[in-house]
Amino acid sequence: MTRDPRNTQDRILSAASQIVSRDGAGHLTLDAVAAESSLSKGGVLYHFPNKKALVQGMLTALMDQLENRRDELAEDLTSSNDLLRGFVLAENEQIQADRGSTLAILAAAAEDPTLLAPARDRFSRWMHDMLEKSADPTSALILILAVEGLRFMDTLSLLELTDEQRALLLERLLQETRQ
């Protein structure tokens, strides 16, 4: 019986995210990931030959999750702003779920800005698609920047919102996508 390498990669990426969430980005090491994922360091190195590859894997996984969820949510919508609305909903879910991965990526990108190139390209494509399909591209751009600003503030723990405030803010952003 062979193991699915994707499951092992997911396990490693999940362990990396847990370490950063719990201990901070400075504690993300291949040894720590091996211990957290209950794998040998060689097992981790097989899938991610160095820390840079691990962070790139975290970034790719984060972007894939966001894109897949955005598209899944947009499928059920029928307005010209369906991708934008799906993006707002998906980002709201990501803000809550993936703080650790985002912190690790930010910390690594501070040392090596080239790590963000794939994300920059993908996000540029998303922006183009959302703005092109939007009834009002300027308003769509404002919404995208508001959502990303909220994510950034939340990731860095610079903004303390109550659950009620977060729900009201999400509802307002979604209301804007309907106009």
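Summarised in this report is the structure supplied together with it.

This paragraph deals with helix α2 (residues 30-37). What sets the pattern is the α-helix's 3.6 residues per turn: residues three or four places apart point alike. Buried within α2 are the following residues: L30, V33, A34 and S37. Angular distribution of buried residues about the axis of α2 spans 100°; they occupy a single face of the element.

What follows concerns the nonpolar core. With 45 residues, the main nonpolar core has L28, V33, L54 and M58 as its most contacted residues. Breaking this core down by element, the ones donating at least two residues are α1 (5-23), α2, α4 (51-75), α5 (82-97), α6 (99-111), α7 (117-133), α8 (137-155) and α9 (163-178). The element that contributes the greatest number of residues to this core is α4, accounting for 11 residues. When near neighbours in sequence (up to four residues on either side) are disregarded, L54 contacts I12, L13, A16, L28, L30, V33 and F48.

Attention now moves to a nonpolar patch on the surface. Among the surface-exposed residues, L106, F152, M153, L156, L158 and L159 lie close enough to one another that they form a single nonpolar patch of about 470 Å² accessible area. Tracing the sequence through the fold places L106 in helix α6. On the basis of relative accessible area, L106 is assigned to the partly exposed category, the value being 31%.

Conventions and cut-offs
- Residues numbered from 1 in each chain as written.
- Predicted model: local features only at pLDDT ≥ 70, side-chain atom pairs only at ≥ 80, totals over all residues.
- Heavy atoms only, no water.
- Buried < 20%, exposed > 50% of the residue type's maximum accessible area, 1.4 Å probe, protein only.
- Helix = DSSP H or I, 4+ residues; strand = E, 2+ residues; numbered from the N terminus.
- Arc of directions from axis to C-beta.
- Core = buried A, V, L, I, M, F, W, Y, C linked by side-chain atoms within 4.5 Å.
- Contact = heavy atoms within 4.5 Å.
- Patch = residues over 30% accessible without salt bridge, like charges linked within 9 Å, V, L, I, M, F, W, Y side chains within 5 Å.
- Areas by Shrake-Rupley, 256 points an atom, 1.4 Å probe, with all protein chains shown as cover.
- Salt bridge = Lys/Arg side-chain N within 4 Å of Asp/Glu carboxyl O.

These figures capture arrangement, not role.
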